[in-house]
Amino acid sequence: MPKTYQEINEKIKSGQVVVVTAEEMTGIVEEEGAAKAAEQVDVVTTGTFGPMCSSGAFLNFGHSNPRMKVEKAWLNDVPAYAGMAAVDLYIGATEASEHDPLNRDHPGEFRYGGGHVIQELIAGQDVRLRAIAYGTDCYPRKELDTWINITDLNECFLCNPRNAYQNYNVAVNLNADRDIYTYMGVLKSNLGNANYCSAGQLSPLLNDPYYRTIGIGTRIFLGGAPGYVFWPGTQHNPTVARTEKGLPKEGAGTAAVVGDMKQMSPEWIVGVSMYGYGVSLQVGLGAAIPVLDEEMARFTAVKDEDIVAPVVDYSRNYPYNEGQPLGYVNYKDLKSGQITVNGKQIPTGSLSSYPKARAIAQILKEWIEAGQFLLTESVQLLPSADSGLTFKALIERPVEGEVI
Amino acid sequence: MATRRVVFRYPRHLIDAPVVSQIARIYNLEFNILRANITPQSEGLMVLGLEGSAEDLDKALTWVQQQGVGVQPLERDVVRNEERCTHCGACVTICPTEALHKKIATQEVCFDSDKCIACELCVPACPPRAMEVAF
Ligand code: SF4
Ligand code: SF4
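Residues take numbers from 1 onward in each chain, read along the sequence in its written order. Numbering of ligands from 1 and lettering of chains from A proceed in the order in which they are written. The predicted nature of this model means local features are confined to residues of pLDDT at least 70 and side-chain atom pairs, given and counted, to a pLDDT of 80 or more, with totals for whole chains, interfaces and linings taken over all residues. Side-chain metrics in this entry use all non-hydrogen atoms of the structure; hydrogen atoms and water are not considered.

Caption draft 1: Just the overall build of chain B, in detail. Secondary structure summary: chain B contains three helices and eight strands in total. Helix and strand assignments follow DSSP, with helices taken as H or I runs no shorter than four residues and strands as E runs no shorter than two, numbered in order from the N terminus. For chain B, the sequential pattern of α-helices and β-strands runs β-α-β-β-α-β-β-β-β-α-β. Across its three principal directions, the C-alpha atoms of chain B cover 50 × 30 × 20 Å. Exposure is judged per residue with a 1.4 Å probe applied to protein chains only, and the accessible area is read against the type maximum: over 50% gives exposed, under 20% gives buried, and values in between give partly exposed. Per-residue burial for chain B yields a buried fraction of 47% across its 135 residues. Long-range pairs, those at least 24 residues apart, make up 65% of the contacts in chain B with a sequence separation of at least 6. We get accessible surface area from the Shrake-Rupley algorithm with a probe of 1.4 Å; when it comes to residues, only the shown protein chains can shield them. Surface summary for chain B: the accessible area is close to 6,900 Å², and the carbon and sulfur share equals 49%. Within chain B, the 17 negative side-chain charges are centred at a point lying 5 Å from the centre of the 14 positive side-chain charges. Only heavy atoms matter for contacts: two residues are in contact if any of them lie within 4.5 Å across the pair. In this count, Lys and Arg are taken as positive residues and Asp and Glu as negative ones, while His and the chain termini are left out. By convention, the point assigned to a charge is CZ for Arg, NZ for Lys, CD for Glu and CG for Asp.

Caption draft 2: Focus on the overall build of chain A. Within chain A one finds seven helices and 25 strands. The globule rule is 2.2 Å times the number of residues to the power 0.38, and the radius of gyration it is compared with is taken over C-alpha atoms. The C-alpha radius of gyration of chain A comes to 23 Å, within 12% of the 22 Å expected for a compact globule of 404 residues. The principal-axis extents of the C-alpha atoms in chain A amount to approximately 70 × 60 × 40 Å. Expressed as a percentage of contacts within chain A between residues at least 6 apart in sequence, the contacts between residues at least 24 apart total 73%. Of the roughly 17,800 Å² of accessible surface on chain A, 48% is carried by carbon and sulfur atoms.

Caption draft 3: Geometry of the confidence of the model for chain B. The quantity known as pLDDT measures the predictor's confidence residue by residue, on a range of 0 to 100. On average, residues of chain B score 88 in pLDDT, and 96% of them reach the 70 mark or higher. Scoring the predicted complex yields pTM 0.91 and, for the interface, ipTM 0.95.

Caption draft 4: Structural view of the sheet that holds strand S6 (residues 78–80) of chain A. All names here are of chain A. Strand order in the open sheet formed by four strands is S6-S5-S8-S9, and the pairing between neighbours is antiparallel. Each having just a single partner strand, S6 and strand S9 (143–148) make up the two edges of the open sheet. The mean inter-strand angle of the sheet, taken between neighbouring strand axes irrespective of direction, is 25°. Sheet topology places strand S5 (residues 72–75) next to strand S8 (residues 127–132); four bridges connect them, and they run antiparallel. The partner of Leu75 across the bridge, within S8, is Leu129. Here, any two strands with at least 2 DSSP bridges between them count as paired. Only the contacting stretch of a helix is used when fitting its axis, a line to C-alpha atoms as for every element, and angles between N-to-C directions run 0 to 180 degrees.

Caption draft 5: A look at the environment of B:Arg5. Residue and element names in this part refer to chain B. Position of Arg5 relative to the elements: it lies in strand S1 (residues 2–10). The exposure class assigned to Arg5 is partly exposed, which follows from its relative accessible area of 30%. With 68 residues separating them along the chain, Arg5 and Pro73 place their C-alpha atoms 6.1 Å apart.

Caption draft 6: Focus on the pairing of strand S19 (residues 269–274) of chain A. All names here are of chain A. In terms of residue burial, S19 counts as a mostly covered element, since six of its six residues are buried. Here six bridges tie S19 to strand S20 (residues 278–290), and the two strands are oriented antiparallel to one another. Along S20, the bridge assignment pairs Met274 with Gly278. What sits between the antiparallel neighbours S19 and S20 is a turn of three residues, in which Gly276 has the positive phi angle 75°.

Caption draft 7: Inspection of the environment of A:Ser387 at higher detail. Residues and elements named next belong to chain A. Within the secondary structure, Ser387 is located in the segment after strand S25 (380–381). As for Ser387 and Asn154, which are separated by 233 residues in sequence, their C-alpha atoms are 39 Å apart. Within the structure, the side chain of Ser387 is placed 2.7 Å from the backbone oxygen of Ser384, a separation counted as a polar contact. Under this definition, polar contacts are N or O atom pairs within 3.5 Å; protein pairs additionally need one hydrogen-donor-capable and one acceptor-capable atom, and for neighbouring residues in sequence, both atoms have to be side-chain atoms. Only 3.1 Å separates the side chain of Ser387 from the backbone nitrogen of Leu389, close enough to count as a polar contact.

Caption draft 8: The domain arrangement of chain B, seen in detail. Residues and elements named next belong to chain B. Throughout the structure description, domain borders are defined by an automatic or database domain assignment. Each domain of chain B was delimited in the assignment, giving domain 1 (2–76) and domain 2 (79–133). The C-alpha centroid of domain 2 is placed 25 Å from the C-alpha centroid of domain 1. It is Arg35, Asn37 and Arg76 in domain 1 that bury the most area against domain 2; as a group they hold 50% of the surface buried on that side. For this analysis, a salt bridge means a side-chain nitrogen from Lys or Arg found within 4 Å of a carboxyl oxygen belonging to Asp or Glu. Taken together, the connections running from domain 1 to domain 2 amount to one salt bridge. For any pair of parts, buried area is found by adding up, for both, the accessible area (1.4 Å probe) each one loses once the two are put together.

This is the structure in structure tokens:
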């Protein structure tokens, strides 16, 4: 008998619900079989924690006197986007500080940027807001320089266009003598190391590979507080090649997510500096997946050894869209500390924190057991493998004639 | 008398050479091996405290370099800010001595300060900048 969201939520409210983490579910399905596991378990919790560059925050800081329609703004010297109304701002995670030397002295250190501003806001630290404007009859003020604090803001919410990538590349460097500095970390020359970035078996979208439960309106764990999926994430690409078990063999689904920063904690939203690349934000995110039927029990029993990821050269193939993956490796091997690529044993590093992913799945489990977190039925699921949706590259159409 | 902390980097073929006992004898130095680490694939690394006259110390270090051993003064320590570390694992293939390494079972990243030679390679490579130079 398939379960409904309502039934599961009634169990959550009455304290009867059976919740396990995605790690625990693997063992249960192995021992009991999927059919029995589907009867026994109501919800499986997942988690992931890694740099998610496509992130940022909206904030509204209230009207000054006299009023001002902000034209350009900076938060702790990091430019924020002000092209919306008068006192709304968007601060992007990868925006570097105004005076950062960037990569002029390569590799740049990128000490501070939007990701750090977001973490400091969440931590309750004061942030300096500077703004300028051209002035209008209704908004005459032209300059502003003040401290702001999250407690004084009207709204402050994380609004991330692309998070929770379902699987990802394993990055290596084939260049014979040059180390490279990428968003996948420092990659040592001549296959000196390999970096991966997924929680594997704990990752939300790898536990619901065809998005049968995750979509617009799904309540999630975001940054230590409840948040929501509000749209398919940018670059959502459900039609990639999949394994027999339906697991995408490369980066595929993504989710756009939103959540109230006033309730978040700096433990789960961390500003980071990627050496020679730029600033970013580590985001902690988790989904609670209802075990509606036997198929969902099977999906949530996913294991690291079942999930494969492509090994991609970041010295040439990735930047110039050339060539093919050097091979596929599974997450069990990646987590063992060593993989074999082109016949060579190479050590693995990661960008995604498995201990944090595990902690998120555990917290979500506790929230549900305590009756604090009810599941929501999505109003529209993410487009799946049958949607025909693909991720397109840019086709450039050179502009001729009139030069602006 | 002067004291100095130094890191010796031994190329593979010199790993078995008794460089330390030789400089102690020839240049009349007291020594104290603070950390020693020989990584399987590559070079050997040793952190030493040396004591002797300033002149002898200079001569000894010059001699060691002539033998083909890399010498680097060690004036600072690298420490981990435990609160900032997110156990992401970006440092484990950067650290030359495995002072930073992952426990396979839990995937936690451990920092073994005894093995750290303060090369500072992890400092900019750590995304949350949890590895700090302590003066
Ligand atoms: S790179 Fe930094 S944050 Fe990540 S595990 Fe190493 S010390 Fe911790
Ligand atoms: S400074 Fe960092 S990279 Fe160098 S040995 Fe110590 S822990 Fe390893």
